[in-house]
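What the coordinates show
Read off the chains here:
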Amino acid sequence: ITQLSAKDTVAGAWNLDKPAAVRASNRQVNLDAACLSSAPTRVCVQGQWDAASGFKGQAQLSNLTPERFKSFLPPGLNLATSISGNATVNGKPGGALQGKLNLSVAPGRLQMEANGQPIRFTLNGGSLQSDLNGRILNAQVKLDLAQTGQLQANLQVQDPFAAAQINGKVNAAITDLGMMSLFVPQLQKVSGQLKADVSVIGPLTKLALRGEIRLENAGATIPEAGIKLQNLQLTAASNGQGPLQLS
């Protein structure tokens, strides 16, 4: 393949870096590394297939920037970061699929507007790791928003291409609630933390949520009403079967 291009796509214009060799027959197919570039992003794929031994392939992604998809983002939102990663997949004739996916989010920042005021978040980075081993898919997601909060999710899916039975856990924390004043100007001097420890269990069509979301040591003032709130504690808990319990 000496020339290959994709123009006017939702992700920009792409061109083949250099010629890529392809060898093919009714028994074997082999594609050497074929790389498409759309500065500063680069995607490379290669793979092999053999009628007797099966197939394997791999892909690499470098420096994918959200700016490329700006037309799909809300107006006024600016996300400065990049995503890189790699994936592999293989399988034998009649056998189960095996695969791995690793993505990393580079440190950056998120900027948006609320009530005409700019809001800035620092992003310390994040990652997505997943492993497919036959009928079991394991995945882990991490996101670090520095002083604003953190998110971590662990997920296991049995039969991901069929019944999709899910067993997962999400831990999240918003450690700086001061930004609430920008979304709700009536609230001032907002403090406290919001934490979530939730398990997700069951088939995809009927998921059950178990765990709790907690508002801890929260406070705020409402100057227009002369109200000062302090030492607020709120818990919303669920056992996945009955109604939500609030305290």
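For every chain, the first residue of the written sequence is number 1, and numbering continues from 1 onward in sequence order. Two thresholds apply to this predicted model, a pLDDT of at least 70 for residue-level local features and 80 or more for giving and counting side-chain atom pairs, whereas whole-chain, interface and lining totals are computed over all residues. The side-chain figures draw on all heavy atoms in the structure; neither hydrogens nor water molecules are used.

1. Re the sheet that holds strand β7 (residues 78–80)
Two orientations exist for strands paired in a sheet by backbone hydrogen bonds: parallel and antiparallel. Which entries qualify depends on this criterion: We call two strands paired when DSSP finds no fewer than two bridges between them. Secondary structure elements are taken from DSSP: a helix is a run of H or I of four residues or more, a strand is a run of E of two residues or more, and numbering for both begins at the N terminus. Every axis corresponds to a line fitted to the C-alpha atoms, with the helix fit spanning only the stretch in contact, and the corresponding angles, defined between N-to-C directions, vary from 0 to 180 degrees.
In space, the 3 strands of this open sheet follow the order β7-β10-β11, with antiparallel pairing throughout. Since the sheet does not close on itself, it has two edges, and those belong to β7 and β11 (117–123), each with one partner. Across the sheet, the mean angle from the axis of one strand to that of its neighbour is 15 degrees, orientation sign disregarded. As defined by bridge partners, strand β10 (residues 108–114) adjoins β11 across 7 bridges and the pair is classed as antiparallel. Opposite Ala114, over in β11, you have Gln117 as the bridge partner.

2. A look at the pairing of strand β14 (residues 149–158)
In this structure, strand β13 (residues 136–144) lies alongside β14, joined through 9 bridges in antiparallel fashion. From the neighbouring strand, Gln140 faces β14, where its bridge partner is Asn154. The antiparallel pairing of β13 with β14 creates a hairpin that spans 4 residues between the two strands, and Ala146 there sits at a positive phi of about 55 degrees. With 10 bridges joining them, β14 and strand β15 (residues 165–174) adopt antiparallel strand pairing. Bridging from a neighbouring strand, Gln152 pairs with Asn171 of β15. The hairpin turn running from β14 into β15, its antiparallel successor, is 6 residues long, and Asp159 in that turn takes a positive phi close to 55 degrees.

3. A few points about the state of the cysteines
Spelled out, the test is: We call a pair of cysteine sulfur atoms a disulfide when they lie within 2.5 Å. Accessibility here uses a 1.4 Å probe with only protein chains present; expressed as a share of the type maximum, an area under 20% marks a residue as buried, one over 50% as exposed, and anything in between as partly exposed.
Applying the stated criterion to the full structure yields 1 disulfide. Two residues share a disulfide in this structure: Cys35 and Cys44, whose sulfurs sit 2.1 Å from each other. Because the sign of the S-S torsion sets the handedness, a value of about 115 degrees for the bond joining Cys35 and Cys44 places this disulfide among the right-handed ones. Each member of the pair, Cys35 as well as Cys44, carries the same accessibility label: buried.

4. What to know about the environment of Gln233
Heads up, the rule is: Here a residue-residue contact requires only that any non-hydrogen atoms of the pair lie within 4.5 Å. N or O atoms closer than or at 3.5 Å make up a polar contact, with two conditions inside protein: a donor-capable atom paired with an acceptor-capable one, and, for residues adjacent in sequence, both atoms drawn from side chains.
Within the element layout of this structure, Gln233 appears in strand β18 (residues 227–238). Expressed as a C-alpha distance, the spacing of Gln233 and Glu216, which sit 17 residues apart in the sequence, is 5.0 Å. In this structure Gln233 touches Leu215, Glu216, Asn217 and Ser247, once residues within four positions along its chain are discounted. A distance of 3.0 Å separates a polar atom in the side chain of Gln233 from a polar atom in the side chain of Asn217.

5. Describing a nonpolar patch on the surface
For clarity, the threshold we go by: Each patch groups residues whose relative accessible area exceeds 30% and which form no salt bridge, using 9 Å between like charges and 5 Å between nonpolar side chains of Val, Leu, Ile, Met, Phe, Trp and Tyr. Method for areas: the Shrake-Rupley scheme with a 1.4 Å probe, in which residue coverage is limited to the protein chains shown. Salt bridge criterion: a side-chain nitrogen from Lys or Arg within 4 Å of a carboxyl oxygen from Asp or Glu.
A cluster of nonpolar side chains, Val29, Trp49, Phe55, Val89, Leu97 and Phe161, forms an exposed patch at the surface whose accessible area comes to about 520 Å². Locating Trp49 in the fold gives a position in strand β5 (residues 41–50). According to the relative accessible area criterion, Trp49 is partly exposed, its value standing at 34%.

6. Some remarks on the pattern of salt bridges
Within this structure, the stated rule accounts for 9 salt bridges. Its salt-bridge partner being Asp32, residue Arg23 comes within 3.3 Å of it at the nearest N-O pair. On the basis of relative accessibility, which here comes to 45%, the residue Arg23 falls in the partly exposed class. For the salt bridge of Arg214 with Glu216, the shortest nitrogen-to-oxygen distance reads 2.9 Å. Judged by relative accessible area, Arg214 falls into the buried class, the value being 18%. Residues participating in the shared-partner salt-bridge network are Lys195, Asp197, Glu212, Arg214 and Glu216.

7. So, the side chain of Arg214
Its place among the elements puts Arg214 in strand β17 (residues 208–222). Looking at Arg214, its side chain comes within polar contact range of the side chain of Asp197, at 3.0 Å. Within polar-contact distance, the side chain of Arg214 engages the side chain of Glu212 at 3.1 Å. Once residues lying within four places of it in the same chain are set aside, the contact partners of Arg214 are Gln193, Leu194, Lys195, Asp197, Leu234 and Thr235.

8. Observations regarding the environment of Gln193
Following the sequence through the fold, Gln193 ends up in strand β16 (residues 188–203). Along the chain, Gln193 and Phe121 lie 72 residues apart, while their C-alpha atoms are 16 Å from each other. Among all residues touching Gln193, those that are not within four sequence positions of it are Ile174, Thr175, Leu177, Arg214, Leu215 and Glu216.

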